[in-house]
Amino acid sequence: MNLPAGKIKKKVPTPCDVLVLFGATGDLAKKKLFPALYNMELNGALNAEVVGVASTRWDHDQFTSNAFEAIRARVDGVDEKVISALDKKMSLVVGNYEDAGVYAELAKKLEGKKKPVIYLAIPPALFEQVTQGLAAVGITKTARLVVEKPFGRDLDSAVNLQESLEAVLPEVRIYRIDHYLGKESVEDILIFRFANSIWEPLWNHRYINSIQITMAEDFGIEGRGKFYDEVGALRDVLQNHLLQVLALIAMEPPADLTSQFMEDEKIKVFRAIQTLSADEVVRGQYVGYLDEGGVAPQSKTETFAAAVIHVDNWRWAGVPFYLRTGKFLKETILEVVVEFKQPPRMLFADTQIGSPNVLRFRLGKNDGVDIELMAKAPGDHLETIPVQLNVEFSAALGERQEAYERLLRAAMAGDHMRFTRIDSVLETWRILEDVLHGETEIHPYFQGTWGPEKVEELIPQGWIEL
């Protein structure tokens, strides 16, 4: 019997009873995952053992000492009782990932566990090898698999990687991390749009002139030359982080705040974007990049990328979305700037100072919302001057959870809400396909600037700075 289309009754997923961290002695685990696990233990949310897997020949004390040192360096006022409780939950399996004995030892350690979560904090090139090793000892039969971005290097490699993963476990048990989706500040975009009716009538091409999305860093590749030279700004940031933020800005309201309906609306946005051509993208490389350790002598890897994107649907027809990201830029910012159109009749055209009304989402450390409006300047005449209304979320709402803590909680609970679905991933690769495989020029730029001068041709009116 065919059931009518509509919402399906939600099933409560089985909670995780063991978390397995491949790459447990690596940089990601040290900087992000162990501090997240500490906070989960502190808040009574870590109801599972933690089994590390690594090739580093450490014993238990070396493993935990490294983890706890990382926690103390990144968490203020560490509670040693929480550290002690975390120590009792942690263990380590040592060996090379190509060694079948590692997976056999891990399987023995997981005997009796019903729902392991396997977190691959390792280079993407190892994903297939590790998942096949897990499958060979039966671990993937009930496991959830968490993989870091980038998911592939382009459309073809993403398809091949997905096929290799789906050979051992279904899509519903694959969790692809884009840590921006774990940021509370990024989720604030959804709340701002759909919980405040004041904005919805304005959120379209009739009232919005352009949208600018920036992820800029005032530092370089920080000793990661070999890794970064194989990735670059397009793959590292624009294909995933910035396009995901664009989707949240541009999507229609979902029927329900569940992963299925959210991803359904995001995929509509991606499908409304044509594959980018070379004249819609500017690639740059900072002067001095070729001197970095691990970088190829004649590298053509971009450390800066900007693109103009059009979402060809009813809501956004004619509205350009400008995206940019880069290393060693003028400052570190993560923001979305929404520029509204000028009023139809400029009543104060002779006296108006400043730009049109602007709305800015600050998504970085000092997250919040800024609104720039026109007000009357002091004096006898009806002159205008821009003023800003600022909301600092940490001051207004208090401190929130870090992205990786929220992502770990979600994966361990079986909630797909903050993870990317494969059709969305493939669409984002499709959008960049021609640029990644084409011959686009690399433009040099000096450190401490906003990138190569060529980018000004992409956005003639300039980037809005508040």
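In what follows, the structure referred to is the one given above.
Calculation notes
- Residues numbered from 1 in each chain as written.
- Predicted model: local features only at pLDDT ≥ 70, side-chain atom pairs only at ≥ 80, totals over all residues.
- Heavy atoms only, no water.
- Helix = DSSP H or I, 4+ residues; strand = E, 2+ residues; numbered from the N terminus.
- Buried < 20%, exposed > 50% of the residue type's maximum accessible area, 1.4 Å probe, protein only.
- Contact = heavy atoms within 4.5 Å.
- Expected span 1.5 Å × (residues − 1).
- Bend = angle between axes of the 7 residues up to and from the residue.
- Patch = residues over 30% accessible without salt bridge, like charges linked within 9 Å, V, L, I, M, F, W, Y side chains within 5 Å.
- Areas by Shrake-Rupley, 256 points an atom, 1.4 Å probe, with all protein chains shown as cover.
- Salt bridge = Lys/Arg side-chain N within 4 Å of Asp/Glu carboxyl O.

Chemist: Got a minute to help me understand the environment of Leu 436 in this structure?
Modeler: Looking at the element boundaries, Leu 436 is found in helix α13 (residues 422-437). On the basis of relative accessibility, which here comes to 16%, the residue Leu 436 falls in the buried class. Between the C-alpha atoms of Leu 436 and Arg 153, which are 283 residues apart in sequence, the distance is 9.1 Å. Excluding residues that lie within four positions of it along the chain, Leu 436 makes contacts with Arg 153, Asp 154, Leu 234, Arg 235 and Trp 429.

Chemist: Quick question: what am I supposed to make of helix α1 (residues 27-42) here?
Modeler: An α-helical turn contains 3.6 residues, so a residue and the one three or four places further along point in the same direction. Its 16 residues place the ends of α1 22 Å apart at the C-alpha level, agreeing with the 22 Å of an ideal helix rising 1.5 Å per residue. Roughly 35 degrees is the biggest bend found in α1, and it falls at Leu 33, with proline Pro 35 one to four residues downstream. Restricting attention to buried positions, one finds in α1 the residues Ala 29, Leu 33, Phe 34, Pro 35, Ala 36, Leu 37, Tyr 38, Asn 39, Met 40 and Glu 41. Of the residues one or two after α1, Gly 44 is the one with positive phi, at around 70 degrees.

Chemist: Any chance you could explain the side chain of Thr 301 here in plain terms?
Modeler: Along the chain, Thr 301 turns up in the loop between β8 (281-286) and β9 (304-310). A relative accessible area of 10% means that Thr 301 is categorised as buried. In contact with Thr 301, other than residues within four places in its own chain, are Tyr 228, Asp 229, Gly 232, Gln 285, Tyr 289 and Ile 442.

Chemist: It is not clear to me how a nonpolar patch on the surface should be interpreted in this structure. Could you clarify?
Modeler: Together, Leu 373, Ile 385, Val 387 and Leu 389 make up an exposed nonpolar region whose accessible area comes to about 280 Å². Among the elements that make up the nonpolar patch, the one with the highest residue count is strand β14 (residues 384-392) (three residues). Secondary-structure assignment places Ile 385 in strand β14. Overall, the relative accessible area of 34% leaves Ile 385 in the partly exposed class.

Note that every value here comes from positions in space, so none of it alone points to a role or purpose.
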